[in-house]
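# Understanding the architecture of this molecule
Spelled out from the first residue to the last, the chains are:
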Amino acid sequence: MGGKDLQIDRVSKRYGDVHALREMTFDVGEGGIFGFVGGNGAGKTTTMRIILGVLAADSGEVRWRGEPIGLETRRDIGYMPEERGLYPKMGVRDQLMYLARLHGIRKRAAGAAADEWLERFGLTERRRDELDDLSLGNQQKVQLAAALIHDPEVLVLDEPFSGLDPMAVDVMSEVLRKKAAAGVPVIFSSHQLDLVERLCDRVGIVRAGSMVACGPVGELRDGSRRRFEIEIAGGPTGWADELDGVSVLGASGDRVRVELAPGADEQAVLAAAMRSGPVGEFVPLRPTLAELFRTAVNGEESE
Ligand SMILES: Nc1ncnc2c1ncn2[C@@H]1O[C@H](COP(=O)(O)OP(=O)(O)OP(=O)(O)O)[C@@H](O)[C@H]1O
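Residues numbered from 1 in each chain as written. Predicted model: local features only at pLDDT ≥ 70, side-chain atom pairs only at ≥ 80, totals over all residues.

Under an unreviewed UniProt entry, the name given to the protein chain is Putative ABC transporter ATP-binding protein YbhF, and the source organism is Streptomonospora litoralis. UniProt, in its Sequence similarities (unreviewed entry) section for the protein chain, records the words "Belongs to the ABC transporter superfamily." (UniProt positions renumbered as here; feature names shortened; annotations may be inferred.)

Turning next to the confidence of the model for the protein chain. In the predicted model, the protein chain carries a mean pLDDT of 88, and the fraction of residues at 70 or more is 96%. The complex prediction reports pTM at 0.81, with the ipTM value standing at 0.95. (pLDDT = per-residue confidence, 0-100.)

Within the largest apolar cluster, 69 residues are counted, with the highest numbers of intra-cluster contacts made by Leu96, Ala114, Trp117, Ala145, Ile149, Val156 and Val186. In terms of residue count, helix 5 (residues 136-148) provides more of this core than any other element does, 6 residues in total. Not counting residues up to four positions away in its chain, the partners in contact with Ile149 are Leu96, Leu99, Ala100, Ala113, Ala114 and Trp117. Core analysis: the next-biggest nonpolar cluster, separate from the first, contains 9 residues, Phe228, Ile232, Val246 and Val269 among them. (Core = buried A, V, L, I, M, F, W, Y, C linked by C-beta atoms within 7 Å. Buried ≥ 20, exposed ≤ 12 C-beta atoms within 10 Å, placed from the backbone. Helix = DSSP H or I, 4+ residues; strand = E, 2+ residues; numbered from the N terminus. Contact = placed C-beta atoms within 7 Å.)

Attention shifts here to the packing of helix 3 (residues 92-102) against helix 4 (residues 107-120). Two numbers describe how helix 3 lies on helix 4: the axes approach to 9 Å, and their chain directions differ by 130°. Classified by the angle between their axes, helix 3 and helix 4 sit oblique to one another. As helix 3 runs across helix 4, the sense of the crossing is right-handed. Contacts between helix 3 and helix 4 involve Arg93, Leu96, Met97, Ala100 and Arg101 on the former and, on the latter, Lys107, Ala110, Gly111, Ala113, Ala114, Trp117 and Leu118. (Axes fitted to C-alpha atoms, helices over the stretch in contact; angles between N-to-C directions. Parallel < 35°, antiparallel > 145°, perpendicular 65-115°, else oblique. Left-handed = near helix turned anticlockwise from the far one by under 90°.)

To continue, consider the domain arrangement of the protein chain. Taken as a whole, the protein chain is organised into domain 1 (6-216) and domain 2 (225-286). The centre of domain 1, based on its C-alpha atoms, is set 45 Å off from the matching centre of domain 2. (Domains from an automatic or database assignment.)

As a further point, take the site of the ligand. The environment of the ligand is formed by Tyr15, Val18, Ala20, Gly38, Asn40, Gly41, Ala42, Gly43, Lys44, Thr45 and Thr46. Going through the elements one at a time, strand 2 (18-28) and helix 1 (44-52) are the ones with two or more residues in the shell around the ligand. Top contributing element to the shell around the ligand by residue count: helix 1, with 3 residues. Split into classes, the residues belonging to the shell around the ligand amount to 4 nonpolar, 6 polar and 1 charged. (Near = placed C-beta within 6 Å. Nonpolar A, V, L, I, M, F, W, Y, C, P; charged D, E, K, R; others polar.)

Following this line, the structure appears as structure tokens:
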């Protein structure tokens, strides 16, 4: 996996009194899928628009492979804007071809690319239909095809999964995985946290225009806190109460849930458990992305 291909460096943006972005900072490397999550109005769309250059930042910089991103590179980005923006009354294949031609692709190659993407999204039968006549999910697939038609070097997708049925989600996920595997950095925003957790190797959680947590999903889940559930047959009580660096969160039956302070040794906890009786289970309790999200966005600690 490559270096920091796309860097968003301390980007700030105000709309009048609204401070939409405050020093937004993150990067996406070659072959990575980056999930951009945050509550409504957190600043995801604004960030994506600034990456694309459809909106100017007040300060900060977007860099592509170390250089400030310019018009040429921006042309190589595949963008799926939140407001979608295809032509509702134009035939599906015609508009894909038109967009490919705008990117300088010759007619024959543009036709072949349009046909290929329509085939991959299962829309070959609908190629002559107006976009308007397609279901929402199928329109969404055409939008993604439009972002992909010129074989972009980067993909920036604003909520590409919203409104898709599970089958369409699978098709879309597969396309993003393949693109990432071919070295194309992919950034997408979503409110579907289970999907983000499944698909992304890194996530960024945004609150009020800033990045509040960013990294591989596994690391964020491991790093936020260390909790364990321990089962000892016979359910002795109080065995964990006096251990250094250990708080007991609760107990029921044979099980005790504990949280370790930073630096506390989990092996010492295991040894203490084993002295108290036969240990059936010693299980790390890792928060889900949804729990991390709630903690990061609300500042509330979830059990
Ligand atoms: N054109 C605009 N004029 C004024 N304020 C704006 C404009 N566009 C966005 N904002 C404000 O900037 C902030 C960030 O909005 P943005 O659309 O980037 O959030 P988002 O994370 O994409 O939200 P959502 O998940 O709801 O799509 C919000 O407070 C929003 O109201």
